Amino acid sequence: MHDIRALRADPTAFDADLARRGLPPVSAQLLAWDEEKRQAQTLLQDKQTRSKTLAREIGTLKRSGGDTAVLEAEGASLRADMEGLKEQVDALGGQATALLATLPNRLDPTVPDGADESANVVVHTWGTQPSFTFAPKQHFELGEALGQMDFATAAKLSGSRFVVLRGGVARLARALGQFMLDLHGNDHGYVETQVPVLVNDDAMYGTDKLPKFADQSFRTEDGRWLVPTAEVPLTASVAGDIVDGAVLPLRMTALSQCFRSEAGASGRDVRGMLRQHQFEKVEMVSVTTPEESEAEHERMTRCAEVVLEKLNIPYRRMLLCAGDTGFGAAKTFDLEAWLPGQDAWREISSCSNTRDFQARRMNARYRAQAGGAPAFVHTLNGSGLAVGRTLIAVMENYQTEEGTIVVPDVLRPYMSGLGVIA
């Protein structure tokens, strides 16, 4: 949600930020509603003051035996006016809130202009792309040939965009998740957390998934939502709180199942595990102060990069342009892993600073010192990493001509020393 005071102070800048995302101006409409609402509130307050004064006058007149009919008629008229003004204030506030809820976060000035991913900027590249003496295969070709990646059975059970993993590949996926949790918990200072994968409307709204992404999520018959990422319960855990500033930053990580409907993805990445309805991801969430959020964003992104470096997976960091930056983000770095089977870079992590955008929606604040006024926290989220996509990257980068998969050294302790999946 947005600070209406900032909009009042510089509506031109607010509309300019929307224009960078390809959206039309809205400040004139919002300010008109805001002015009308404030006028109605002032009039309401005046009538409330008069109503209190009138009540005292009626009481005094009654005690002296005077006729109160005229004053009581005025009181009845005031009550009707106040009821109408309250409805007007609520209606105007509701209109503004509904519109504001659909507007994306304001972009950081360092975010480059551009309409789509073609305008994203390469920040840096790490690692050496493997050289093969054979034509590298895609992950699903490798997995199916090994008999350990089964899309046909998954389709029989659940439909398209699901997979059944078996044997060494299933164990490799489990090893990746455990390795990432250990790395972020032991080395990076994130508190390992287990969270529900079913959440309520407030948690989804507070983390900017509603109303914008309702069609991208699965909802149960009792009105709860399957989480699209553990970002939702981790971030919403501070909803409505006033956190002691001395304990910030809060850093949390969780490995969870994630669920997305992939609405609008028809025909995209149909083969394989790149775009699934159900997948695992290790999520990182930070809650911090406005002064520290930029540094925290860099730190979080670096934590995700370390995972790829320890796995020796070539990657590049991308600064997303205005048109490709997500709804709730002020600034986003994507990490793209090299997939030799596809001969392409593909996103494997996205780390975003939402600043106070989510905090305002869920009223999450902190108090810097005893007796000080509370202020909104800044929240950040990042993939550390998507387990399925990391599995793909490992399989394709560590494949052999025989179709086996060499297990990266850092994962072997999680696989009882197994060195090759065959």
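None of the values given here were measured: they were computed from a predicted structure. (Residues numbered from 1 in each chain as written. Predicted model: local features only at pLDDT ≥ 70, side-chain atom pairs only at ≥ 80, totals over all residues. Heavy atoms only, no water.)

## Quick word on empty space enclosed by the protein
This structure, assessed with the given rule, holds 2 cavities of 30 Å³ or more. Considering the residues around the largest cavity, the lining is formed by His 2, Phe 14, Asp 17, Leu 18, Arg 21, Pro 104, Asn 105, Arg 106 and Leu 107. Considered class by class, the residues forming the lining of the largest cavity number 4 nonpolar, 2 polar and 3 charged. Forming the boundary of the second largest cavity are Leu 274, Ala 337, Leu 339, Arg 346, Glu 347, Ile 348, Arg 389 and Ile 392. With 3 residues, the top contributor of residues to the lining of the second largest cavity is strand β12 (residues 344–355). Among the residues forming the lining of the second largest cavity, the class breakdown is 5 nonpolar, no polar and 3 charged. (1 Å grid on protein atoms, 1.4 Å probe; cavity = no way out; pocket = protein on both sides within 12 Å on 5 of 7 lines; lining within 4 Å. Points joined across faces, edges and corners; volume = space filled by probe spheres on them. Nonpolar A, V, L, I, M, F, W, Y, C, P; charged D, E, K, R; others polar. Helix = DSSP H or I, 4+ residues; strand = E, 2+ residues; numbered from the N terminus.)

## Concerning the layout of surface pockets
The space that makes up the second largest pocket amounts to roughly 270 Å³. Counting only elements with at least two residues in the lining of the second largest pocket, the list comes to α1 (4–9), α3 (27–63) and α4 (69–100). Considering every element that reaches the lining of the second largest pocket, the biggest residue donor is α4, with 5 residues. Residues that form the lining of the second largest pocket fall into these classes: 7 nonpolar, 3 polar and 3 charged.

## With respect to the sheet that holds strand β11 (residues 331–339)
One open sheet holds the 8 strands; their spatial order is β1-β10-β11-β12-β15-β9-β8-β4, and the pairing between them is mixed. Two strands bound the open sheet, and with one partner strand each, they are β1 (121–126) and β4 (191–192). Of the pairings in the sheet, the one linking strand β8 (residues 250–259) to strand β9 (residues 278–288) comprises 10 bridges and is antiparallel in character. Residue pairing for β9: Met 252 is matched across the bridge by Val 285. Contacts between helix α10 (residues 293–311) and the sheet are confined to β1, β8, β9, β10 (315–319), β11, β12 and β15 (378–386), with β15 contributing the most and set at about 5° to the helix. (Pairing = 2+ DSSP bridges. Contact = heavy atoms within 4.5 Å. Axes fitted to C-alpha atoms, helices over the stretch in contact; angles between N-to-C directions.)

## Re the pairing of β10
Most of β10 is tucked away: 4 of the 5 residues are buried. Bridge count between β10 and β11: 5 bridges; the pairing is antiparallel. Residue pairing in the sheet places Leu 319 in a bridge with Phe 333 of β11. (Buried < 20%, exposed > 50% of the residue type's maximum accessible area, 1.4 Å probe, protein only.)

## Description of the packing of helix α7 (residues 167–187) against helix α12 (residues 387–397)
Running from amino to carboxyl end, α7 crosses α12 at an angle of 115°, the nearest separation of the two axes being 10 Å. Here the hand of the crossing between α7 and α12 comes out right-handed. Along the contact surface, α7 presents Val 169, Leu 172, Ala 173, Leu 176, Gly 177 and Met 180, while α12 presents Val 387, Thr 390, Leu 391, Val 394 and Met 395. (Left-handed = near helix turned anticlockwise from the far one by under 90°.)

## A look at the sheet that holds strand β7 (residues 242–244)
Working definition: the strands of a sheet are paired by backbone hydrogen bonds and lie parallel or antiparallel to each other. Spatially, 3 strands are ordered β7-β13-β14 in an open sheet, and the strand pairing comes out mixed. This sheet does not close on itself; its edge strands, each paired only once, are β7 and β14 (375–376). As judged from the 2 bridges shared by strand β13 (residues 365–367) and β14, these two strands associate in the antiparallel manner. Its bridge partner being in β14, Tyr 366 is matched across the sheet by Ala 375.

## Description of the domain arrangement of the protein chain
One can read the domain layout of the protein chain as domain 1 (4–102) and domain 2 (117–421). Here the C-alpha centroids of domain 1 and domain 2 sit 45 Å apart. Contacts between the two partners involve 5 residues from domain 1 and, on the opposite side, 9 residues from domain 2. Joining domain 1 to domain 2, the criterion identifies 0 salt bridges. Across the domain 1-domain 2 interface, the total number found is 3 residue pairs in polar contact (both at pLDDT 80 or more). Of the residues belonging to the side of domain 1 that touches domain 2, the class tally is 1 nonpolar, 2 polar and 2 charged. (Domains from an automatic or database assignment. Salt bridge = Lys/Arg side-chain N within 4 Å of Asp/Glu carboxyl O. Polar contact = N/O pair within 3.5 Å; in protein donor to acceptor, adjacent residues only side chain to side chain.)

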